[in-house]
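Listed here are the chains, written in short residue letters.
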Amino acid sequence: MTASESPPADTSPGSPASGGLLAGRRGLIVGVANKRSLAWGIARRAHSEGAELAFTFQGDALERRVRPLAESIGSAIVEPLDVTDDAQIEAIFSTLAERWGRLDFLVHSVAFANREDLLGRTVDTSRAGFATALDISCYSLIALTRAAEPLMTDGGSVIAMTYYGATKATPNYNVMGIAKAALEASIRYLAVDLGPKNIRVHGISAGPVRTLAASGVSGMRGMLKVMPERAPLGRNITVDDVGATAAYLLSDLSAGTTGGIHFVDAGFNITAMRHPDRAAKGS
Ligand code: 0WE
């Protein structure tokens with residue numbers, strides 16, 4: 001048979017590709033809030049690479065957002081999950097055990113700090129605010145990974161979302177930077193624990209994107225302006241950029257890779273300052 005006689009591969013967005021990178025894989029996506037979410041960018045790409053997905057939502061308002069998105073890509077499992085509640089974590093994984101019996105990947109795209117802790121001085125962070133940020137943004141990865149482990153019987157891959165504010169002090173990111181530093185360390189320790197079971201654990205450090213989590217963040221507009229001036233690629237990143245890197249990290253293409261933080265930031269993190277030939281607009 002000549003090449004011209006083969007049927008064209010269906011790689012259109014939203015159509016599961018039988019020859020896709022993630023064909024036959026099953027994954028849980030935690031952290032879709034709406035269609036702009038990084039988690040939705042990952043889900044869309046995972047689906048187009050052939051994966052079957054389950055989703056969680058937190059609260060009625062987000063259920064109304066997540067359910068239609070999940071249904072649009074044929075996902076039959078959409079369940080509530082508050083990551084601070086051990087019983088709900090147990091419940092979602094027993095649902096996955098019943099319905100699928102196995103899990104290939106987990107995507108963690110969840111963070112929260114009280115709004116008053118994302119302004120002003122980190123030195124003013126309360127004990128309760130610190131505990132909230134670390135519990136929701138970091139401990140949840142450990143808890144979810146522990147619950148996923150028994151289902152990842154054929155190996156697996158875990159992705160958690162992080163940000164450059166984990167390693168470099170970033171205005172207003174404050175306690176979230178501390179939580180992301182702990183999350184990045186958790187990724188390394190989990191990778192060591194689960195490596196023997198061929199479960200790989202990765203961080204994606206995404207550049208700033210206009211999502212629900214970034215809305216109302218003071219200085220977001222400035223960050224989105226500075227990125228293209230300083231980043232080697234001269235642009236901001238998109239959720240599709242994140243989805244593509246995630247597909248690689250969830251697939252066998254990255255079989256020899258675990259415990260790392262993978263920057264999807266147009267190269268911003270490797271620079272010390274803006275190149276003088278790339279003039280800031282208006283300067
Ligand atoms: O990790 C994040 C956002 C996480 C986040 C956002 C909010 C806003 C609403 C966590 N908790 C809350 N709590 C709220 O009440 N990003 C990487 C996006 C982000 O957030 C920032 C940033 C960037 C970038 C906050 C301050 C400065 C920069």
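The shown structure was predicted, so the numbers you read here are calculated from the model rather than taken from an experiment. Sequence order sets the numbering: in each chain, residues are counted from 1 along the sequence as written. Only residues with pLDDT of at least 70 get local features here, since the model is predicted, and only at 80 or more are side-chain atom pairs given and counted; chain-wide, interface and lining totals rely on the full set of residues. Each side-chain value is worked out from all heavy atoms of the structure, with water and hydrogens disregarded.

Quick word on the overall build of the chain
The helix and strand tally for the chain stands at seven helices and seven strands. By definition, any uninterrupted DSSP run of H or I lasting at least four residues is a helix, any uninterrupted run of E lasting at least two residues is a strand, and each is numbered from the N terminus. Mapped in sequence order, the helices and strands of the chain form the string β-α-β-α-β-α-β-α-β-α-β-α-α-β. The C-alpha atoms of the chain give a radius of gyration of 19 Å, which matches the 19 Å a tight globule of 283 residues would have. C-alpha extents for the chain along the principal axes are approximately 60 × 50 × 40 Å. Between buried and exposed lies partly exposed: a residue is buried under 20% and exposed over 50% of the maximum accessible area for its type, with that area taken using a 1.4 Å probe on protein chains only. Here the chain holds 283 residues, and 47% of them are scored as buried. The contact criterion used throughout is that any non-hydrogen atoms of two residues lie within 4.5 Å. For the chain, contacts bridging at least 24 residues in sequence account for 75% of all contacts bridging at least 6. In the structure as shown, the chain presents an accessible area of about 14000 Å², 54% of it carried by carbon and sulfur atoms. Radius of gyration here is computed from C-alpha atoms only, and the compact-globule reference equals 2.2 Å multiplied by the residue count raised to the power 0.38. Exposure was quantified through the Shrake-Rupley algorithm and a 1.4 Å probe, taking into account, for residues, occlusion by the shown protein chains and nothing else.

Structural notes on the side chain of Ser254
Inspection of the secondary structure puts Ser254 in the loop between helix 7 (239–250) and strand 7 (261–264). Look at Ser254 and you get buried, because its relative accessible area is 0%. When sequence neighbours within four positions are dropped, the list of residues in contact with Ser254 reads Arg200, Tyr248 and Leu249.

Remarks on the environment of Asp241
Looking at the secondary structure, you find Asp241 in helix 7. With near-sequence residues (within four places) excluded, Asp241 lies in contact with Arg235, Asn236 and Val264. Here a polar contact is recorded for every N or O atom pair within 3.5 Å, except that within protein the pair must consist of a potential hydrogen donor and a potential acceptor, and residues adjacent in sequence are included only if both atoms are side-chain atoms. Here Arg235 takes part through its side chain, which lies 2.8 Å from a polar atom of the side chain of Asp241. Polar contacts involving the side chain of Asp241 include one to the main-chain amide nitrogen of Thr238, which spans 2.9 Å.

Details of the pattern of salt bridges
The salt bridge definition used is simple: a Lys or Arg side-chain nitrogen within 4 Å of an Asp or Glu carboxyl oxygen. This model, assessed by the stated rule, comprises ten salt bridges. The shortest N-O distance in the salt bridge between Asp252 and Arg25 comes to 2.9 Å. Remark: Arg25 occurs in the segment before strand 1 (26–30) and Asp252 occurs in the loop between helix 7 and strand 7; sequence separation between them is 227 residues. Accessibility expressed as a relative area gives 52% for Asp252, which makes it exposed. With a closest N to O distance of 3.4 Å, Glu52 and Arg26 form a salt bridge.

Notes on the site of the ligand
All residues in the neighbourhood of the ligand are listed as Phe112, Ala113, Arg115, Leu118, Tyr163, Pro171, Asn172, Tyr173, Met176, Ala213, Val217 and Met223. With respect to the ligand, the side chain of Tyr173 contributes an N or O atom lying 2.7 Å from an oxygen atom. Relative to its free-state accessible area of 590 Å², the ligand is covered by the protein chains to the extent of 88%. Residue classes follow a fixed rule: Ala, Val, Leu, Ile, Met, Phe, Trp, Tyr, Cys and Pro count as nonpolar, while Asp, Glu, Lys and Arg count as charged, and any other residue, Gly among them, counts as polar. In the shell around the ligand, the residues fall into ten nonpolar, one polar and one charged. Summary of the distance rule: residues count as near a molecule or strand when at least one heavy atom falls within 4 Å of that molecule or strand.

Section: the nonpolar core
To define a nonpolar core, start from buried Ala, Val, Leu, Ile, Met, Phe, Trp, Tyr and Cys residues and group those joined through side-chain atoms within 4.5 Å. In terms of nonpolar packing, the biggest core is built from 37 residues, with Ile29, Leu53, Phe55 and Val242 touching the most fellow members. With six residues, the top contributor of residues to this core is helix 1 (residues 38–48). With 30 residues, the next largest nonpolar core counts Val30, Trp100, Met152 and Ile199 among its residues.

Some points on helix 3 (residues 86–99)
Any helix carries an expected span of 1.5 Å times its number of residues minus one. End to end, helix 3 covers 20 Å across 14 residues, agreeing with the expected 20 Å (1.5 Å per residue, within 8%). Buried within helix 3 we find Ile89, Ile92, Phe93, Thr95 and Leu96. For helix 3, the buried positions fall inside an angular range of 145° around the axis, keeping them on one side. Exposed and oriented more than 90 degrees from the buried face of helix 3 are Asp86, Ala87, Glu90 and Glu98. Two or three places before Ala87, at the opening of helix 3, Asp85 has a side-chain oxygen 2.9 Å from that residue's backbone nitrogen. To be clear, the arc concerns the directions from the helix axis to the C-beta atoms.

Details of the side chain of Arg230
Structurally, Arg230 can be placed in helix 6 (residues 220–230). For the purpose of charge, His is not counted, nor are the chain termini; Lys and Arg are scored as positive and Asp and Glu as negative. This buried residue, Arg230, is left without a salt bridge; Asp265 holds the nearest opposite charge, at 7.9 Å.

Brief notes about the sheet that holds strand 5 (residues 156–162)
By definition, two strands form a pair when at least two bridges between them are found by DSSP. Here we have seven strands laid out as an open sheet, ordered 3-2-1-4-5-6-7, and parallel in their pairing. Each having just a single partner strand, strand 3 (77–80) and strand 7 make up the two edges of the open sheet. This sheet shows a mean twist of 20° between the axes of neighbouring strands, independent of strand direction. As a rule, the C-alpha atoms of each element are fitted with a line to give its axis, helices using only the stretch in contact, and angles between N-to-C directions run from 0 to 180 degrees. Running over the sheet, helix 3 touches strand 1, strand 2 (52–57) and strand 3 and is turned about 160° from strand 3.

Quick look at the pairing of strand 1
Burial of strand 1 is extensive: four of the five residues sit out of reach of the surface. With four bridges joining them, strand 1 and strand 2 adopt parallel strand pairing. Residue pairing in the sheet places Leu28 in a bridge with Ala54 of strand 2. When the strands point away from the viewer, a crossover counts as right-handed if the route from the first strand across the helix to the second turns clockwise. For the handedness criterion, the β-α-β arrangement of strand 1, helix 1 and strand 2 is classed as right-handed. Of the pairings in the sheet, the one linking strand 1 to strand 4 (residues 105–108) comprises four bridges and is parallel in character. Each bridged residue has a counterpart across the sheet, and for Gly27 the counterpart in strand 4 is Phe105.

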